[in-house]
Amino acid sequence: MLGRLLRERSAQATVELAIVVPVMIALAIIVYNLMVFASAVSRFDRVAPDIVVAHGVAPSGEGKDDPTEVIAGQLREAMGGYGVEVEVVCEEEEDPTSTILTFIVSPKTYRCTMVYTPWPTGIEFAGVPVGAPLALRHVRTVVIDPWRPGVVV
């Protein structure tokens, strides 16, 4: 009688473990991805203004290189360990009262976008793709004045 009672109680932990372990693994993957994204955002926010100020005001070369390409390349190099995609767009603020032949250069707005695709991607279990359906995006906007090098507006 005692042996039968012990056998009935001993299998309960196996069932609970089979239900809880997949949920805990999924939560661990979510937490890992959020921590990597938070770390990448922190680094991106520190590095982006410095690179934009360094290359956006006076790009290297004699106008041959597009400043957005130089900035994007430097950001990709700085964010190399995180596996993110970087896009840089430059927008110039136009004054509607200005004439065609004006020599006043308006401030430039550089919009730097970082796209992080959560892990795992490209993995299949029994023909079913596993991975996050969306990518996480972070935008850092830096406005610089071309007349005052090194100044972020």
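Parameters at a glance
- Residues numbered from 1 in each chain as written.
- Predicted model: local features only at pLDDT ≥ 70, side-chain atom pairs only at ≥ 80, totals over all residues.
- Heavy atoms only, no water.
- Helix = DSSP H or I, 4+ residues; strand = E, 2+ residues; numbered from the N terminus.
- Buried < 20%, exposed > 50% of the residue type's maximum accessible area, 1.4 Å probe, protein only.
- Contact = heavy atoms within 4.5 Å.
- Areas by Shrake-Rupley, 256 points an atom, 1.4 Å probe, with all protein chains shown as cover.
- Expected span 1.5 Å × (residues − 1).
- pLDDT = per-residue confidence, 0-100.
- Polar contact = N/O pair within 3.5 Å; in protein donor to acceptor, adjacent residues only side chain to side chain.
- Core = buried A, V, L, I, M, F, W, Y, C linked by side-chain atoms within 4.5 Å.
- Disulfide = S-S within 2.5 Å.
- Phe/Tyr/Trp six-rings, centres within 6.5 Å; stacked < 30°, edge-to-face > 60°.

**Digging into the overall build of the protein chain**
Consideration 1: Assigned secondary structure in the protein chain consists of three helices and five strands.
Consideration 2: The N-to-C order of helical and strand elements in the protein chain reads α-α-α-β-β-β-β-β.
Consideration 3: Per-residue burial for the protein chain yields a buried fraction of 27% across its 153 residues.
Consideration 4: Within the protein chain, counting contacts between residues at least 6 apart in sequence, those at least 24 apart form 61% of the total.
Consideration 5: Only carbon and sulfur atoms are counted for the fraction: they give 63% of the accessible area of the protein chain, which is about 10,800 Å².

**Comments concerning helix H3 (residues 67-78)**
Consideration 1: Here H3 contains twelve residues, and its C-alpha end-to-end distance of 16 Å stays within 8% of the 16 Å for a straight helix at 1.5 Å per residue.
Consideration 2: The set of residues buried in H3 consists of Pro67, Thr68, Val70, Ile71, Ala72, Leu75 and Ala78.

**What about the confidence of the model for the protein chain?**
Consideration 1: Scored by pLDDT, the protein chain comes out at a mean of 81, with 75% of its residues at no less than 70.
Consideration 2: The secondary structure element of the protein chain with the lowest average pLDDT is helix H1 (residues 2-10), at 60, and the one with the highest is strand E2 (residues 108-116), at 94.

**Examining the environment of Arg46**
Consideration 1: As for its position among the elements, Arg46 is in helix H2 (residues 12-56).
Consideration 2: Residues Arg46 and Arg140, spaced 94 residues apart in sequence, show a C-alpha to C-alpha distance of 9.9 Å.
Consideration 3: Of the polar contacts made by the side chain of Arg46, one reaches the side chain of Ser42; its length is 3.2 Å.

**Observations regarding the side chain of Thr68**
Consideration 1: Structurally, the position occupied by Thr68 is in helix H3.
Consideration 2: Exposure remark for Thr68: the relative accessible area of 11% places this residue in the buried category.

**Topic: the nonpolar core**
Consideration 1: Ranked by internal contacts, the top residues of the largest apolar core, which has 24 residues, are Phe44, Val52, Ile71, Leu75, Val88 and Met114.
Consideration 2: Secondary structure elements with two or more residues in this core: H2, H3, strand E1 (85-92), E2 and strand E5 (136-144).
Consideration 3: It is H2 that provides the largest number of residues to this core, a total of ten residues.
Consideration 4: Ignoring sequence-local partners within four residues, the contact set of Phe44 consists of Pro49, Leu75, Met79, Val86, Cys112, Thr113, Met114, His138 and Arg140.

**Topic: the state of the cysteines**
Consideration 1: Scanning the entire structure with this criterion turns up zero disulfides.
Consideration 2: Lacking any disulfide linkage, Cys90 is separated from the closest cysteine sulfur, that of Cys112, by 9.9 Å.
Consideration 3: The exposure class of Cys90 is partly exposed, given its relative accessible area of 29%.

**Concerning unusual backbone geometry**
Consideration 1: Between Trp119 and the following residue, Pro120, the backbone shows a cis peptide bond with an omega angle of -5°.
Consideration 2: Summarising the element assignment, Pro120 is placed in the loop between E2 and strand E3 (123-125).

**Thoughts on the packing of aromatic side chains**
Consideration 1: The final tally for this structure, using the stated rule, is two aromatic pairs.
Consideration 2: Taking 6.1 Å as the distance between ring centres and 80° as the angle between the ring planes, the aromatic pair formed by Tyr32 and Trp119 counts as edge-to-face. Here Tyr32 is found in helix H2, whereas its partner Trp119 is found in the loop between E2 and E3, with 87 residues between them in sequence.
Consideration 3: Residue classification places Tyr32 among the partly exposed residues on the basis of a relative accessible area of 46%.
Consideration 4: Residue Trp119 is classed as partly exposed on the basis of its relative accessible area of 47%.
Consideration 5: The interplanar angle of 35° and the centroid separation of 6.1 Å between the aromatic rings of Phe37 and Tyr116 together place this pair among those described as tilted.

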